[in-house]
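Coordinate analysis (summary)
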Amino acid sequence: MTQDELRELYRELILDHARSPRHFGKLNNVSHMAEGINPLCGDKLKLYFRIGENKVIEDATFEGSGCAISVASASLLTDTVIGLTTCQAMDYFSAISELLVGTRSDAAGDKADVDLGKLKALQGVREFPARVKCATLAWHGLHSAIQQRNAPVSTE
Ligand code: ZN
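Read on for an overview of the structure.

Rules used in this analysis
Residues numbered from 1 in each chain as written. Predicted model: local features only at pLDDT ≥ 70, side-chain atom pairs only at ≥ 80, totals over all residues. Heavy atoms only, no water. Helix = DSSP H or I, 4+ residues; strand = E, 2+ residues; numbered from the N terminus. Rg over C-alpha atoms; globule rule 2.2 N^0.38 Å. Buried < 20%, exposed > 50% of the residue type's maximum accessible area, 1.4 Å probe, protein only. Contact = heavy atoms within 4.5 Å. Lys, Arg positive; Asp, Glu negative; His and termini not counted. Charge placed at Lys NZ, Arg CZ, Asp CG, Glu CD. Pairing = 2+ DSSP bridges. Axes fitted to C-alpha atoms, helices over the stretch in contact; angles between N-to-C directions. Donors = N, O, S within 2.8 Å, 3.2 Å for Na, K, Ca; no water. 1 Å grid on protein atoms, 1.4 Å probe; cavity = no way out; pocket = protein on both sides within 12 Å on 5 of 7 lines; lining within 4 Å. Points joined across faces, edges and corners; volume = space filled by probe spheres on them. Nonpolar A, V, L, I, M, F, W, Y, C, P; charged D, E, K, R; others polar. Expected span 1.5 Å × (residues − 1). Salt bridge = Lys/Arg side-chain N within 4 Å of Asp/Glu carboxyl O. Phe/Tyr/Trp six-rings, centres within 6.5 Å; stacked < 30°, edge-to-face > 60°.

Moving on: the overall build of the chain. In terms of helices and strands, the chain carries four helices and four strands. When the helices and strands of the chain are listed from N to C terminus, the series reads α-β-β-β-α-α-α-β. Over its C-alpha atoms the chain spans a radius of gyration of 14 Å, differing by no more than 12% from the 15 Å that the globule rule assigns to 156 residues. Overall, the chain is about 45 × 35 × 25 Å in size when its C-alpha atoms are taken along their principal axes. Taken across its 156 residues, the chain has 45% of its residues classed as buried. For the chain, contacts bridging at least 24 residues in sequence account for 57% of all contacts bridging at least 6. Measuring between centres, the 17 positive side-chain charges of the chain sit 4 Å from its 20 negative side-chain charges.

Structural data, given as structure tokens:
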């Protein structure tokens, strides 16, 4: 597959998730939640998680409004983290940070092997620095929810 074909595939995947977000809406029996705001773009998302006593993320949803990138990223996030432990989810947070910002968050501790799979579609935003915060917004929300920080997350 050429770079152009890959880019086109990623673009399609982002648009698909932006048009038909997965896991969009409210969640019953929420145990953890976070609100994320990206004032630069006007993205405003709420993320809901139900995390069991064994630290497994049993369900995750989000709602709010934002640009295609922020909505697609939240959709991909919820799709990814359901069924993972909070520890594994933090590994993804760390890997996404590295993919998009080039810095690995130390939140996840040791370097973890994470197969990003379709999350690699988000890497296209690296070419558009102003959009990186759109892509990372939901992930900062995940981080905040797992850490149980109740203050809204802002990218500023
Ligand atoms: Zn945005």
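Strand pairing in a sheet relies on backbone hydrogen bonds. The paired strands run either parallel or antiparallel. Taken in spatial order, the four strands make up an open sheet running β3-β2-β1-β4, and their pairing is mixed. Only two strands of the sheet have a single partner each, and these edge strands are β3 (57-65) and β4 (153-154). When strand β1 (residues 32-38) meets β4, the two strands line up parallel, connected through two bridges. Paired with G36 across the strands is V153, a residue of β4. With respect to the sheet, helix α4 (residues 129-146) is in contact with β1, β2 (43-51) and β4, its orientation differing from that of β1 by roughly 150°.

This paragraph deals with the coordination of the zinc ion. Under perfect tetrahedral coordination by four donors, a metal shows angles of 109.5 degrees; under perfect octahedral coordination by six donors, it shows angles of 90 or 180 degrees. Coordination of the zinc ion by the protein involves C41 (SG), D43 (OD), D43 (OD), C67 (SG) and C134 (SG), with metal-donor separations of 2.2 to 2.6 Å. Read from N- to C-terminus, the donor residues coordinating the zinc ion fall into the pattern C-x1-D-x23-C-x66-C. Among the residues examined, D43 registers a relative accessible area of 1% and is labelled buried.

For the largest pocket, the calculated volume is near 480 Å³. Taken together, 18 residues make up the lining of the largest pocket; nearest its centre are R7, A121, G124, V125 and F128. Broken down by secondary-structure element, the contributors of at least two residues to the lining of the largest pocket are α1 (3-19) and α2 (68-81). With eight residues, α1 is the largest single contributor of residues to the lining of the largest pocket. In terms of residue class, the lining of the largest pocket is made up of nine nonpolar, three polar and six charged.

Further remarks concern α2. If you check α2, its first and last C-alpha atoms are 20 Å apart, about what 14 residues at 1.5 Å a residue would give, namely 20 Å. Those residues of α2 that sit buried are I69, S70, V71, A72, S73, A74, S75, L76, L77, T78, T80 and V81. In the core, the buried residues of α2 are packed alongside α1, β2, β3, α3 (86-101) and α4. Phi turns positive, to about 95°, at G83, one or two residues after α2.

With that out of the way, let us pick up the pattern of salt bridges. The tally for this structure, following the rule as stated, stands at six salt bridges. Its salt-bridge partner being E58, residue R50 comes within 3.4 Å of it at the nearest N-O pair.

Here we take up the packing of aromatic side chains. Enumeration over the complete set of coordinates arrives at one aromatic pair. Judged by centre distance (5.1 Å) and plane angle (90°), the ring pair of F24 and F62 falls under edge-to-face. Of the two residues, F24 sits in the loop between α1 and β1 while F62 sits in strand β3, which places them 38 residues apart along the sequence.

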